[in-house]
Amino acid sequence: VNDTYAKDISAKERAAKRIAQKNGEYVGSTAPYGYCVEKVNGIYKLIVEPEAAKIVRRIFEEYASGDGIQSIIDRLFEDGVHRISDYNRYHHVYCQDVENLHQWGNSSIRAVLNRNNYYGDLVQRKYESRFQRGEKWCDILDESQWIITPNAHEPIISHELFTAVQEYRKQVCEESRAKPKNPYTPNIFKGKVFCADCGSSSQGKKIHKKGI
């Protein structure tokens, strides 16, 4: 009985959330990096946070210009830019005295590059919970099932820049898959050669020469 009651409540909450999403209201628990959430005319809207928005714009522009994700991560660290979790903790972009600075993760950069909301459309319901089926995970929904409200808030980047970045990401992925991988070479000295001082087994090291 309790399980049925919980699922009934969940269904009603989900229906209310769908109505809010179709009305152009942001229903997420936290705002995407670069935005904050404010109540405007009775509904919650995404409002640009200028300092963080500059970092979002910078990430898109650097990636579109051909910079790799690791290069972007390295420069953000050099410039003292807090990763997203630390930004949410300290509530400002740049690391200050007595604060800890951590590198951005590869997945965080990819998540920023993948967010449709940055060009002004409110894109929601990309995932759906399996709770009503008694499962903990979420389904990734097809784009045709997304709830999209065009021009729902101020954009941080243009739609053209977002599209260009997605095309470039697709190209990079295809090139990566097509790149031949180095074949596995067994270590013929494994278990045969040992260090005279400590007695540990030798470890092989691969050396890749440019052009080979």
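Let us look at the structure shown here. Being a predicted model, the structure only gives us computed values, none of them experimental.

To continue, consider the overall build of the protein. Helix and strand counts for the protein stand at six helices and six strands. Starting at the N terminus, the α and β elements of the protein follow one another as α-β-β-α-α-α-α-β-β-β-β-α. Taking all 212 residues of the protein together, the buried fraction comes to 30%. In the form shown here, the protein has an accessible surface area of approximately 14,700 Å², with 51% of it arising from carbon and sulfur atoms.

The subject of this paragraph is unusual backbone geometry. Of note in this structure, Asn-41 is not a glycine but carries a positive phi near 55°. Its location among the elements puts Asn-41 in the loop between strand 1 (35–40) and strand 2 (43–48). A relative accessible area of 79% means that Asn-41 is categorised as exposed. A positive phi angle, near 50°, is found at Asn-151, a position not held by glycine. One can find Asn-151 in the loop between strand 6 (147–149) and helix 6 (159–178). Residue Asn-151 is classed as exposed on the basis of its relative accessible area of 68%.

Moving on to the pattern of salt bridges. Side chains that differ in sign of charge can pair as their charged atoms come close. Across all of its chains, the model carries five salt bridges by this definition. Between Arg-75 and Asp-67 there is a salt bridge, with the nearest N and O atoms lying 2.7 Å from each other. A salt bridge links Arg-83 to Asp-86; the shortest N-O distance between them is 3.1 Å. The partly exposed category is assigned to Arg-83, whose relative accessible area is 29%. Residues joined by salt bridges that share partners form a network here, namely Arg-58, Glu-62, Asp-67, Arg-75 and Asp-79.

Time to look at helix 3 (residues 69–78). For the α-helix, the turn length of 3.6 residues means that residues three or four positions removed from each other point alike. By the burial criterion, the buried members of helix 3 are Ile-69, Ile-72, Ile-73 and Leu-76. Along the axis of helix 3, the buried positions cluster into a sector of 100°, meaning they face one direction only. Looking at the buried positions of helix 3, the neighbouring elements they touch are helix 2 (50–64) and helix 5 (106–113). Looking one or two places after helix 3, you find Gly-80, whose phi comes out positive at around 75°.

Rules behind the numbers
Residues numbered from 1 in each chain as written. Predicted model: local features only at pLDDT ≥ 70, side-chain atom pairs only at ≥ 80, totals over all residues. Heavy atoms only, no water. Helix = DSSP H or I, 4+ residues; strand = E, 2+ residues; numbered from the N terminus. Buried < 20%, exposed > 50% of the residue type's maximum accessible area, 1.4 Å probe, protein only. Areas by Shrake-Rupley, 256 points an atom, 1.4 Å probe, with all protein chains shown as cover. Salt bridge = Lys/Arg side-chain N within 4 Å of Asp/Glu carboxyl O. Arc of directions from axis to C-beta. Contact = heavy atoms within 4.5 Å.

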